[in-house]
Amino acid sequence: MDEPDVPLAGATVSAETAKLDLVERAIHRYDAAVRGFLRWKMGVDEDEVQDAMQETYERLLRYRHSEWAELPRALVMRIAASVVIDRARHRASRHAGLHVSVDDFDLESGEATPERRVLAQEDVALVREAIRDMPGRCREVFVLSRIKGMSYQEIADQLSISVKAVEKNISRALILCRHRVREQRQ
């Protein structure tokens, strides 16, 4: 069944196209006015204006089957205002102002994963083996520093060696521990 042709600006188009054009014409005609109204009269920020305009356009599509030759400006403004009010009510009912974006936070747990715990236990066992296998003086200096918490000067005084010797023994011990862990990981 053919739709009757409706003249529009000197052209012949179908009734459905003319009705869709009704909405398109309203959008083009009132877009700047509605945006200004939302920004200045309703106090809506630019991001919200974009969203409100999109929803206003969607609601205007309901009127594509109306008998009006043109959609009234007051109707378009009322729809836009209603959209902003509805969106504000929706945010208020959901307490949107109290929500915090999870993107702003590092949500990684401070607790180690089971895999990390197993790896850490393996590393501890490997370091213990490395300490047991260290030469006597190197092991003694390392234990006094890292386990007993003594300063390099205190270790030097207790063992009657120089601070430089303590530093060398600590460096050697750390290298031995690192190598032991790396060997087992590969």
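Basis of the calculations
Residues numbered from 1 in each chain as written. Predicted model: local features only at pLDDT ≥ 70, side-chain atom pairs only at ≥ 80, totals over all residues. Heavy atoms only, no water. Axes fitted to C-alpha atoms, helices over the stretch in contact; angles between N-to-C directions. Helix = DSSP H or I, 4+ residues; strand = E, 2+ residues; numbered from the N terminus. Parallel < 35°, antiparallel > 145°, perpendicular 65-115°, else oblique. Left-handed = near helix turned anticlockwise from the far one by under 90°. Contact = heavy atoms within 4.5 Å. Nonpolar A, V, L, I, M, F, W, Y, C, P; charged D, E, K, R; others polar. Buried < 20%, exposed > 50% of the residue type's maximum accessible area, 1.4 Å probe, protein only. pLDDT = per-residue confidence, 0-100.

### Considerations on the packing of helix H2 (residues 46-60) against helix H3 (residues 73-93)
Reasoning step 1: Relative orientation of the contacting elements H2 and H3 amounts to 120°, with a least axis distance of 9 Å. For the element pair H2 / H3, the angle class is oblique. By crossing handedness, the relation of H2 to H3 is classed as right-handed. Contacts from Glu48, Asp51, Ala52, Glu55, Thr56, Arg59 and Leu60 of H2 reach H3 at Val76, Ile79, Ala80, Ser82, Val83, Val84, Asp86, Arg87 and Arg91.
Reasoning step 2: Grouping the constituent residues of the contact of H2 with H3 by class yields seven nonpolar, two polar and seven charged.

### Some details on the environment of leucine 61
Reasoning step 1: By the secondary structure assignment, leucine 61 is in the loop between H2 and H3.
Reasoning step 2: For leucine 61, a relative accessible area of 32% corresponds to the partly exposed category.
Reasoning step 3: Sequence spacing of leucine 61 and glutamate 24 is 37 residues, and the spatial spacing of their C-alpha atoms is 9.1 Å.

### Here's the deal with the confidence of the model for the chain
Reasoning step 1: When the pLDDT values of the chain are averaged, the result is 83; 86% of them are 70 or greater.
Reasoning step 2: When pLDDT is averaged over each helix and strand of the chain, the minimum, 39, is found for strand E1 (residues 5-8) and the maximum, 94, for helix H6 (residues 152-159).

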